[in-house]
Amino acid sequence: MAILEIKHVSKFFGGLAANSDVSFEMAQGMIMGLIGPNGAGKTTLFNCITGYYPPSRGEVVFDGRTMNGLQPDAVCKLGMARTWQKVRPLAKMSVVDNVMVGALCRTNSLKKAREMAMEQVRVVRLEHRADFRAGGLPIGERKKLEVARVLATQPKLLLLDEVMGGLNPAESEEIIQLILDIKRLGITQMVIEHDMKAIMRISDRIVVLNSGEKLAEGLPGEVVSNPEVVAAYLGSE
Ligand SMILES: Nc1ncnc2c1ncn2[C@@H]1O[C@H](COP(=O)(O)OP(=O)(O)OP(=O)(O)O)[C@@H](O)[C@H]1O
Ligand SMILES: [Mg+2]
């Protein structure tokens with residue numbers, strides 16, 4: 001059974017169709033790459049999937065349940081968590097306290113939340129920074145903190161919005177390895193990323209959005225050799 005089914009999702013902002021009749025499915029355990037030019041509607045689709053915006057039309061089915069009408073906190077409790085394109089940690093709080101915020105979605109015990117948070121801090125390899133003020137972290141480590149915070153919500157499906165954005169090649173490589181580690185933990189992932197080399201390496205399949213519409217879907221090799229994709233996206237890089 002598909003863990004996520006996106007069925008004819010549209011999202012209108014006034015006259016603009018940020019998403020237009022988008023449909024695809026994700027199998028349990030896979031990594032789906034989501035690519036497309038700036039303004040293609042990638043982040044909007046994440047917002048529609050995770051309850052931040054109600055879709056104007058269509059339906060999102062997660063784990064066999066419709067997500068329509070659910071708020072982000074309810075969606076998160078059901079097992080979907082997303083990161084934000086612009087990372088905004090609680091700057092004055094420590095790294096581990098930031099991650100505890102995610103864990104508190106699963107437990108009311110601060111002690112338990114702290115244990116759960118430390119576990120995820122180790123997964124992203126920030127243990128040496130656990131008590132460091134989050135606002136003082138360099139960008140590469142802030143991105144890892146963001147991933148730890150969503151992992152602490154114990155998701156079945158993780159949606160990552162440009163977690164490699166603004167990183168240097170060495171930092172990006174660490175995030176690639178982290179995404180592959182998360183896959184090995186059995187967590188399904190949808191990854192928005194502009195770096196084509198990275199997306200080709202990590203994705204089992206890729207969906208291409210362009211002007212709100214699904215332009216193509218397939219194996220990474222199929223997508224990059226699709227002439228329409230090359231014309232709309234890759235050709236302009
Ligand atoms: N809350 C909003 N109100 C009005 N228009 C919006 C809103 N959110 C997004 N849009 C518009 O919807 C379109 C898609 O935006 P979106 O942020 O989803 O694109 P994206 O593919 O994530 O782009 P990028 O690669 O630059 O992050 C854009 O034209 C954007 O201006
Ligand atoms: Mg975006």
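Please refer to the structure placed before this passage.
Residues numbered from 1 in each chain as written. Chains lettered and ligands numbered in written order. Predicted model: local features only at pLDDT ≥ 70, side-chain atom pairs only at ≥ 80, totals over all residues. Heavy atoms only, no water.

Topic: the nonpolar core
Within soluble globular proteins, side chains that are nonpolar tend to cluster in buried spots.
Line of reasoning, step 1. Of all hydrophobic cores here, the largest spans 45 residues; its most connected members are Ile35, Val147, Leu158 and Ile179.
Line of reasoning, step 2. Mapping this core onto the domain boundaries places at least three of its residues in each of domain 1 (1-77 + 157-237) and domain 2 (80-154).
Line of reasoning, step 3. Apart from residues no more than four positions distant in its own chain, Val147 is found in contact with Val124, Leu160, Val163, Leu178 and Ile182.
Line of reasoning, step 4. In this structure, Ile3, Met30, Met67 and Val75 belong to the second largest nonpolar core, which totals 26 residues. (Core = buried A, V, L, I, M, F, W, Y, C linked by side-chain atoms within 4.5 Å. Buried < 20%, exposed > 50% of the residue type's maximum accessible area, 1.4 Å probe, protein only. Domains from an automatic or database assignment. Contact = heavy atoms within 4.5 Å.)

Focus on the coordination of the magnesium ion (ligand 2)
Line of reasoning, step 1. Protein ligation of the magnesium ion (ligand 2) involves Thr43 (OG1) and Gln85 (OE1), the donor distances falling in the range 2.0 to 2.3 Å. Residue Thr43 is located in helix α1 (residues 42-49), and its partner Gln85 is located in the loop between β6 (80-82) and α3 (95-103); the two are separated by 42 residues in the primary sequence. (Donors = N, O, S within 2.8 Å, 3.2 Å for Na, K, Ca; no water. Helix = DSSP H or I, 4+ residues; strand = E, 2+ residues; numbered from the N terminus.)

Some words on the site of ligand 1
Line of reasoning, step 1. Near ligand 1 there are 15 residues, and of these Gly39, Lys42, Thr43, Thr44 and Gln85 occur at the shortest range.
Line of reasoning, step 2. A distance of 3.0 Å separates an oxygen atom of ligand 1 from a polar backbone atom of Gly41.
Line of reasoning, step 3. Residue Gln85 places a side-chain N or O atom 2.8 Å away from an oxygen atom belonging to ligand 1.
Line of reasoning, step 4. Protein coverage of the free-state accessible area of ligand 1, which is 640 Å², stands at 64%.
Line of reasoning, step 5. Of all the secondary-structure elements, those providing two or more residues to the shell around ligand 1 are β2 (16-27) and α1.
Line of reasoning, step 6. Top contributing element to the shell around ligand 1 by residue count: α1, with three residues.
Line of reasoning, step 7. Class assignment for the residues of the shell around ligand 1 results in six nonpolar, seven polar and two charged. (Near = heavy atom within 4 Å. Polar contact = N/O pair within 3.5 Å; in protein donor to acceptor, adjacent residues only side chain to side chain. Areas by Shrake-Rupley, 256 points an atom, 1.4 Å probe, with all protein chains shown as cover. Nonpolar A, V, L, I, M, F, W, Y, C, P; charged D, E, K, R; others polar.)

Quick notes on the packing of α3 against helix α4 (residues 110-123)
Line of reasoning, step 1. The interhelical angle for the contact between α3 and α4, taken along N-to-C directions, is 110°, at an axis separation of 8 Å. Between α3 and α4, the angle falls in the class roughly perpendicular. Relative to α4, α3 is oriented so that their crossing is right-handed. Across from Val95, Val96, Asp97, Val99, Met100 and Ala103 in α3, the residues of α4 making contact are Leu110, Ala113, Arg114, Met116, Ala117, Met118, Gln120 and Val121.
Line of reasoning, step 2. Counted by class, the contact of α3 with α4 contains 11 nonpolar, one polar and two charged residues. (Axes fitted to C-alpha atoms, helices over the stretch in contact; angles between N-to-C directions. Parallel < 35°, antiparallel > 145°, perpendicular 65-115°, else oblique. Left-handed = near helix turned anticlockwise from the far one by under 90°.)

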